[in-house]
Amino acid sequence: MIESLLLAVARVSTCFGTQVLTEATGFYFERDGRLFLISNRHVVLDEATGHRPDRVEIELHVDPEDVARTVQFSIPLYRDGRPSWREQRDSGGCIDVIALELDRSALPPAQSRHAFTPAHLVADLDQFEVGTSVVIVGFPLGFHDTVHRLPVARQAVIASAFGIRFQGQGSFLTDARMHRGTSGAPVVAR
């Protein structure tokens, strides 16, 4: 039996045309019957580095009986020249999180996918303080179980004031052995 947390996380490739640009992580979130892929904003658009992919590809597990069976699924990042993702702002500007709505009718049938829901979200920011243990599940440097196509988990702690922008940016810090490819991974407290 595969832990549902591992099936709630997706390997994300950013692409421009036929060229793969970067590897990252995303996770599924379901609300009011709608399904989203959540990742970091800098995965789909990073003005500072000129990173502007036109689509992302995610790897979907398609056989509940054989977790090793996967297919690639392409998601355009722009429609009529406008971003297809949703992003959030606060008083300090953009936060480094985006949501891409997935068209369920376009997804392959018989998927082995789990999703976070509003019930999984933090209700009280005060319960997290510097040093709180968390787990980050993703694909650091593309590393993963290459047979079953599953992510790996890393232990981390909250390393900056939670709920307050670190250095004015739309993020907070964790302390863990993290690498490129983990951007967009969920930070999970158990």
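Residues numbered from 1 in each chain as written. Predicted model: local features only at pLDDT ≥ 70, side-chain atom pairs only at ≥ 80, totals over all residues. Heavy atoms only, no water.

**Details of the nonpolar core**
- One finds Y28, L37, I58, I75 and L100 to be the most contacted residues of the largest nonpolar core, which totals 21 residues.
- When residues of this core are traced back to their parent elements, those giving at least two are β1 (9–16), β2 (19–31), β3 (34–39), α2 (41–44), β4 (55–61), β5 (70–76) and β9 (93–102).
- When residues no more than four places from it in sequence are discounted, the contact partners of L100 are L35, F36, L37, V56, I75, P76, L77, S84 and W85.
- Counting 13 residues, the second-largest nonpolar core is a separate cluster that includes V9, F36, V135 and F139. (Core = buried A, V, L, I, M, F, W, Y, C linked by side-chain atoms within 4.5 Å. Buried < 20%, exposed > 50% of the residue type's maximum accessible area, 1.4 Å probe, protein only. Helix = DSSP H or I, 4+ residues; strand = E, 2+ residues; numbered from the N terminus. Contact = heavy atoms within 4.5 Å.)

**Considering the sheet that holds β3**
- Taken together, the 7 strands give an open sheet; going across it, the order is β5-β4-β1-β2-β3-β9-β8, and neighbouring strands pair in antiparallel fashion. At either margin of the open sheet sits one strand with a lone partner, and together these are β5 and β8 (85–90). Within this sheet the neighbouring strands show an average axis-to-axis angle of 35°, counted without direction.
- For β3 and β9, the ladder comprises 5 bridges, and the chain directions are antiparallel. Bridge assignment links L37 to a residue of β9, and that residue is L100. (Pairing = 2+ DSSP bridges. Axes fitted to C-alpha atoms, helices over the stretch in contact; angles between N-to-C directions.)

**Some remarks on the layout of surface pockets**
- Each pocket or cavity is described by its volume, and for the second largest pocket that value is around 250 Å³.
- What lines the second largest pocket is T22, E23, A24, H42, V43, D46, T49, H51, H179, R180, G181 and S183.
- Looking at the lining of the second largest pocket, the element that brings in the most residues is β2, giving 3 residues. (1 Å grid on protein atoms, 1.4 Å probe; cavity = no way out; pocket = protein on both sides within 12 Å on 5 of 7 lines; lining within 4 Å. Points joined across faces, edges and corners; volume = space filled by probe spheres on them.)

**Examining the packing of aromatic side chains**
- This structure, assessed with the given rule, holds 4 aromatic pairs.
- When the ring of F27 is compared with that of F116, the centres are 5.4 Å apart and the planes differ by 80°; the resulting orientation is edge-to-face. Of the two residues, F27 sits in strand β2 while F116 sits in the loop between β9 and β10 (133–138), which places them 89 residues apart along the sequence. Across this residue pair, the class does not change: F27 and F116 are buried.
- One residue, R113, lies across the ring of Y28, its end atom 5.6 Å from the ring centre. (Phe/Tyr/Trp six-rings, centres within 6.5 Å; stacked < 30°, edge-to-face > 60°. Lys NZ or Arg CZ within 6 Å of the ring centre and 35° of its normal.)

**Some details on the sheet that holds strand β12 (residues 174–175)**
- Read from one edge to the other, the open sheet built from 4 strands follows the order β12-β11-β10-β13, with strand pairing classed as antiparallel. In the strand order of this sheet, the two ends are held by β12 and β13 (187–188), each with one partner.
- Summarising the sheet, β10 and β13 pair through 2 bridges and their orientation is antiparallel. When the sheet's bridge partners are listed, I136 is paired in β13 with V187.

**Side note on the side chain of R41**
- Within the secondary structure, R41 sits in helix α2.
- Within the structure, the side chain of R41 is placed 3.1 Å from the side chain of E87, a separation counted as a polar contact.
- Residues contacting R41, with those up to four places away along its chain left out, are E47, E87, C94, I95, D96, V97 and I98. (Polar contact = N/O pair within 3.5 Å; in protein donor to acceptor, adjacent residues only side chain to side chain.)

**Some words on the environment of F73**
- Tracing the backbone through its elements, the reader meets F73 in strand β5.
- For F73, a relative accessible area of 14% translates into the label buried.
- Sequence-wise, F73 and E59 are 14 residues apart; in three dimensions their C-alpha atoms are separated by 6.3 Å.
- Among all residues touching F73, those that are not within four sequence positions of it are V56, E57, I58, L60, A106, L107 and P108.

**Things to note about the side chain of T25**
- Mapping T25 onto the fold places it in strand β2.
- In this structure T25 comes out as buried when scored by relative accessible area, which is 0%.
- At a separation of 3.1 Å, a polar atom in the side chain of T25 contacts the main-chain amide nitrogen of F139.
- Among the polar contacts made by the side chain of T25, one reaches the main-chain carbonyl oxygen of G181 at a distance of 2.7 Å.

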